[in-house]
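Structure at a glance
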Amino acid sequence: MSTGIGVRVPRKEDARHLAGKARFVGDLSFPRLWEVAFVRSPLAHARIRSITVPERHAGRVFTARDMEGVRPIRAESSLPTYKPSDYPPLARGKVRFAGECVALCIAPTRAEAEDIAEEVILDLEALPAVIDSLAARRPGAPRVHEEWGDNLFLTTSVDGDFESARKRAAVVVEREYRTARQCMAPMEGKAVLARHDERKGQLVVYTSTQVPHLIRTGLSQFLGLDQADVRVIAPDVGGGFGYKCVLQPEEISVSWAAMRTGRPLRWVEDRREHLTAGANTRQHHYRLTACADGRGRLLAVDAEITVDVGAYSVWPFTACLEASQAGGNLPGPYALDVYRCKTFSVATNKPGFTPYRGVARPGVCFAMELTIDAVARAVGREPADVRAENLVPASAMPYTNVTGKHYDSGDYPASVAGARRMIGLDAVRARQGRSPPLPGGADRPDTAHARQDHAERPARDSRRVDAMSARQGSPGPDGRLIGVGFSTFTEQTAHGTRVFGAWGLPLVPGYEQATVKLAPSGTVEVRSGNHSFGQGLETTLAQIASEQLGIGVDRIRVTMGDTGETPYSTGAYASRGMVMAGGAVSKAAESLAGRIRKHAAHLLQTGADRVSLTGGQANAAGGASVSFEDVARAWYLRPDQLPDDVDTQGLEVTEGYKPEVDTGVFTYATHAAVVAVDPATGSVEILDYVLFEDCGRRVNPMILEGQSYGGAAQGIGTALFEESLYDENGQPLTSTFADYVLPGPVELPAMRIEHTESLSPYTRHGIKGIGEGAAIAPAGAVVNAINDALSPLNVEINEIPATPRRILAAILAAKTSGPNEDGRRRSP
Amino acid sequence: MKPVDFAYHRATGLDDALEHLNAAGEGAKLLGGGQSLGPMLNLRLARPRVLVDVSSVAALRTVEPARERVTVGAAVTHAEIEDRPVSDVIERAMREVAAGIACRAVRNRGTIGGSVAHADPSADWPIFLVCAGARVYIRGAAGARALPVTDFIRAAYTTDLAPGEIITHVEIARAGGQARFGFCKLCRKAGEFAEAVGAVLIDPERRCCRVVTGAVGPKPVVLADTTRTLAATAMPPEPDAIRAEIAAVANEHDPVKLHTAAVAVGRAIDRALAAYAPSHDGDRSGSGARTGLTFQSADI
Ligand SMILES: Cc1cc2nc3c(=O)[nH]c(=O)nc-3n(C[C@H](O)[C@H](O)[C@H](O)COP(=O)(O)OP(=O)(O)OC[C@H]3O[C@@H](n4cnc5c(N)ncnc54)[C@H](O)[C@@H]3O)c2cc1C
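Let me sum up the structure you'll find in this document.

Each value, and the rule that gives it
- Residues numbered from 1 in each chain as written.
- Chains lettered and ligands numbered in written order.
- Predicted model: local features only at pLDDT ≥ 70, side-chain atom pairs only at ≥ 80, totals over all residues.
- Heavy atoms only, no water.
- Pairing = 2+ DSSP bridges.
- Helix = DSSP H or I, 4+ residues; strand = E, 2+ residues; numbered from the N terminus.
- Near = heavy atom within 4 Å.
- Polar contact = N/O pair within 3.5 Å; in protein donor to acceptor, adjacent residues only side chain to side chain.
- Areas by Shrake-Rupley, 256 points an atom, 1.4 Å probe, with all protein chains shown as cover.
- Nonpolar A, V, L, I, M, F, W, Y, C, P; charged D, E, K, R; others polar.
- Contact = heavy atoms within 4.5 Å.
- Buried area = accessible area lost by both parts, 1.4 Å probe.
- Salt bridge = Lys/Arg side-chain N within 4 Å of Asp/Glu carboxyl O.
- Expected span 1.5 Å × (residues − 1).
- Buried < 20%, exposed > 50% of the residue type's maximum accessible area, 1.4 Å probe, protein only.

1. Here's the deal with the pairing of strand β8 (residues 171-179) of chain A
Residues and elements named next belong to chain A. The pairing of β8 with strand β13 (residues 284-292) spans eight bridges and is classified as antiparallel. Residue pairing across strands places Glu 176 opposite Arg 287, the latter belonging to β13. Summarising the sheet, β8 and strand β30 (residues 799-800) pair through two bridges and their orientation is parallel. Among the inter-strand pairings, Thr 179 is bridged to a residue of β30, identified as Ile 800.

Next up, the structure:
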């Protein structure tokens, strides 16, 4: 049976994971290994007056003063107006968020190291904390980095003729949206173990990372070492999601301390550290205005996006990746002619922003998808229709959009149609007791008239629609309101040299390399500098090699994560693994297949073009065959069997690969949700959830579905549950899982997934990335469904997570104050 | 997130536990299932010198389902209560309450005694026990004593337990054959601590009725007015009246919290009343639909 592309091959890595035999950083042991605990700042913003270490702990505690010569983390970018920050691995002079590392303590056990940490005395002079990103933008706000004139890492703006579009518009929809700060909460937190290898004269760093080669580059840069003197090994990694795609200050300080003390040292992040010092992602604010014609066709969008970046710029992706991505991706899958956008990357006294699964798009998708539904309500049409009509049509592919993104292939409206069929939109509308999908504004008696009104007086949303929905949609027998919502996105994946080059980042990915080798025993070895931290890359890379070489995945060994054993790769981020590492393995395996055929042709006494590879054998056209083992043996052990003019390159190939067009290939999907909202408590139950996806060629549909379930689960967390909260002094209020709520199995629906395959014209096998995608759409689908359910109450939620408290507060406010000027009560 | 250094003693019996507890003095702490104390140790909010583990003390591990009352040992786990056979409304109520606590892994270890001693305002057992009018039994060097749970719990995380004392069991009076119980726990996630709880017991034979609000204010409290109205009419009082009473007794003024608490109480009342079959004329809401249920002077 084939184990190549498209087959649901069981995951190779599961054999060890299911038997508890995987090896994470926390499982490693070395003689003389000690553990590290950090003293972390208890305040969000303060000047360090002094740090006092009790005499008896001398030699066990290290501070910035000890780390002379170690450079602060500094991520450069060539974007105009960008200000880099200096992020010392142990705080120097000031602390800028609660949880920032101040001192490193070592002891034989973590508990003892924590005992020491408790006794280190910090004398801090509290400074006013900058917590709200909008307040931080105002002149006169306290400054996170005093030497700057303001709190802005970066501002960007793109202009478009919005004002004249507004004049033509039948409806103008204005909204303010907020998304919460979040943690990524991988099952395994960060972890790093550093030791000195005397024989090689190398610092060896075992770290839970997605990007081992980048960490090696970063460590050598900031510690002032030659790269040859550093080896980074990422063993089994228990989830990353972006949290582990940047250089961590702890990776530097633990490495430094291991060199300083000559002792292997390990630090393992605990949950409280993660939930406070790791609260570093997702927090956006939007002011968005959309103009549309009377049928809901978008004419123009104007956006002001503020990203709460936190105190420091992470290396290598900087503080500005998020806002740049947000500004560039807001128009998303929609065919839009006029777009105006300003972005602000704002420094606050919180942990430094790190890209999380979906990078910026969960925020922009939420904002855009709610806006589409608001436009649909304003023109009195079914949101699924308005959505589909606004999407880039298949006939326009490939399509370059208003922000210059080049969409390679796909049928975006078909994904809406698919999700609509799967979720049973008509049945949901019938159950709601609302009229079946409205046939379109023009078919309803009062609409033409209403449109006229709007053309004359382009105002806010139509009151007419609100009145209409108030008459419809009575609660179900249990008092709950049913709603349905859709959300569509397109995701740039595996974007490469041109895109990163334009951002001027310290790293620009180029040709991804992979090595494929036929080993003496006739098995295949694949080496990639990318890494797998749960995505199943160990299996899918083997499937690609299997496809090219005609040998089963059980005879293919994939090695990743060790800079000492793999070719350079910038690593696993941007949903690039399958496209880039997969493409590189494909190319290298193809070359190797050619060499195997040549060698086999000698043994089979035929021409290489008459040899095919299947079942781990090289087969001649006439029926004779030799095994891969025979071929390998001839080259490695019995070269006397080979002719003098044998190809001397051998049976080991390293190739570099990038797609023909390297600006990214676009995966897309539509998610749809049906929810029941309890208007008495504000609680939400997801009754049904579907995904209709297209990521080009599916290498392993089973693994892909797993990625989608996991991504959607995280997206539902974003939609309904997860929120890192702070008080006005910047104290984290959600430092355990009792307060930071993750969705559990009971809260998650049984999702259903369908796929189409629009191959990318630019990549090997037509593959597109899928690792992140499913985390992008859920907030839009779920909150659109909530708003659909709440429309009879004239309540609209525009902030996530949509907690019972937020929903109930909006409902209570609507009851006491009645609808506001445009007929709708919005969440605060 | 590692505890401070402490000594550990697994008590072999009640006397052994008392001995170790008293020998260690101030720095000693009892350990039940560790499902509240464990996190507090790891966060170093609790810093004991000695832990005396009573989770396997046989005397604290028994359930005695007598005719008049059910006696549950302090070290009986939530899971054991959940799994017990039920013969009346009290046992059925206890199964329901137990099954709604956290997830099975936590229930396998967490104990009813630990829950009462911890006195988390949102915890389920204290709310149920106040509603059922239960008593808590305590042993110390000076001997044994007992008091109603509602008096034992003084405020959030604060009880009447003196240093050196151990909770041995709780005692819950059985209810009459017509008695009904209603419980409504509102929480963000299955098994999470409650945002609001309503608990209602209506026991016409014993002329006993209690409506309790939990997870608002510092401890679970009986809503006296709501209870009186319910007892007199067998009808749910007006939501606004429930809300006003909660605001007064729990000193809670956040409108969302109050609304949620009133909904929990209202639903608990509905559930208790719904347990009674509608009268034969099918009138579920008319007065007298539940004749025989009303009683003027309820024992609250
Ligand atoms: C994830 C999670 C979710 C939870 N969700 C809920 C929930 O939804 N509802 C809920 O009610 N609870 C919940 N809990 C708490 C759980 O019910 C605990 O088991 C309970 O609160 C404490 O019982 P314990 O036996 O574990 O006590 P321990 O944690 O061992 O001790 C708690 C306190 O009681 C004292 N103590 C223990 N035994 C005795 C005794 N015999 N006499 C005197 N003092 C004693 C200890 O000294 C300590 O101060 C949750 C816990 C977790 C970890």
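Read on for the rest.
2. What about the site of the ligand?
All names here are of chain B. The full set close to the ligand counts 28 residues, and Leu 30, Gly 33, Leu 37, Thr 111 and Asp 124 are the nearest of them. One nitrogen or oxygen atom from the main chain of Gly 34 is found 2.7 Å from an oxygen atom belonging to the ligand. Contacts to the ligand include Ile 167, whose backbone N or O atom sits 2.9 Å from a nitrogen atom. Expressed as a share of its isolated accessible area of 960 Å², the protein-covered part of the ligand is 89%. When residues of the shell around the ligand are traced back to their parent elements, those giving at least two are β2 (28-31), α6 (112-118) and β10 (166-173). Among the residues making up the shell around the ligand, the classes are represented as 13 nonpolar, 11 polar and four charged.

3. Considerations on unusual backbone geometry
Cis geometry is found at the peptide bond from Met 397 of chain A to Pro 398 of chain A, where omega equals -10°. Looking at the element boundaries, Pro 398 of chain A is found in the loop between α10 (383-390) and β16 (399-400). Here the residue pair Ile 800 of chain A and Pro 801 of chain A is connected by a cis peptide bond, since its omega of 0° sits within 30 degrees of zero. Although it is not a glycine, Ala 215 of chain B adopts a positive phi angle of roughly 70°. Mapped onto the fold, Ala 215 of chain B is located in the loop between β13 (208-214) and β14 (221-222).

4. Thoughts on the interface of chain A and chain B
Of the residues lining the interface, 28 residues belong to chain A; the matching set on chain B comes to 19 residues. Carbon and sulfur atoms supply 53% of the area that chain A and chain B bury against each other, a total of about 2000 Å² over both sides. Three residues, Glu 118, Arg 272 and Arg 805 of chain A, lead the burial of chain A against chain B; their summed loss comes to 23% of the area buried on that side. At the junction of chain A and chain B, the tally comes to six salt bridges. Its salt-bridge partner being Glu 114 of chain A, residue Arg 44 of chain B comes within 3.9 Å of it at the nearest N-O pair. Applying the counting rule to chain A against chain B returns 14 residue pairs in polar contact (both at pLDDT 80 or more). Looking at side-chain class alone, the side of chain A that touches chain B contains 14 nonpolar, four polar and 10 charged residues.

5. So, the environment of Ala 234 of chain B
Following the sequence through the fold, Ala 234 of chain B ends up in the loop between α9 (224-233) and α10 (239-250). Placed 122 residues apart in sequence, Ala 234 of chain B and Ile 112 of chain B show a C-alpha to C-alpha distance of 31 Å.

6. A look at helix α5 (residues 212-223) of chain A
Residue and element names in this part refer to chain A. Across its 12 residues, α5 extends 16 Å between first and last C-alpha, which sits within 8% of the 16 Å expected from 1.5 Å per residue. Of all 12 residues in α5, 11 are buried, a share of seventy percent or more. Residues of α5 that are buried: Pro 212, His 213, Leu 214, Ile 215, Arg 216, Thr 217, Gly 218, Leu 219, Ser 220, Phe 222 and Leu 223. Lining the buried residues of α5 we find β10 (202-207), β11 (230-233) and α6 (249-261). Of the residues one or two after α5, Gly 224 is the one with positive phi, at around 70°.

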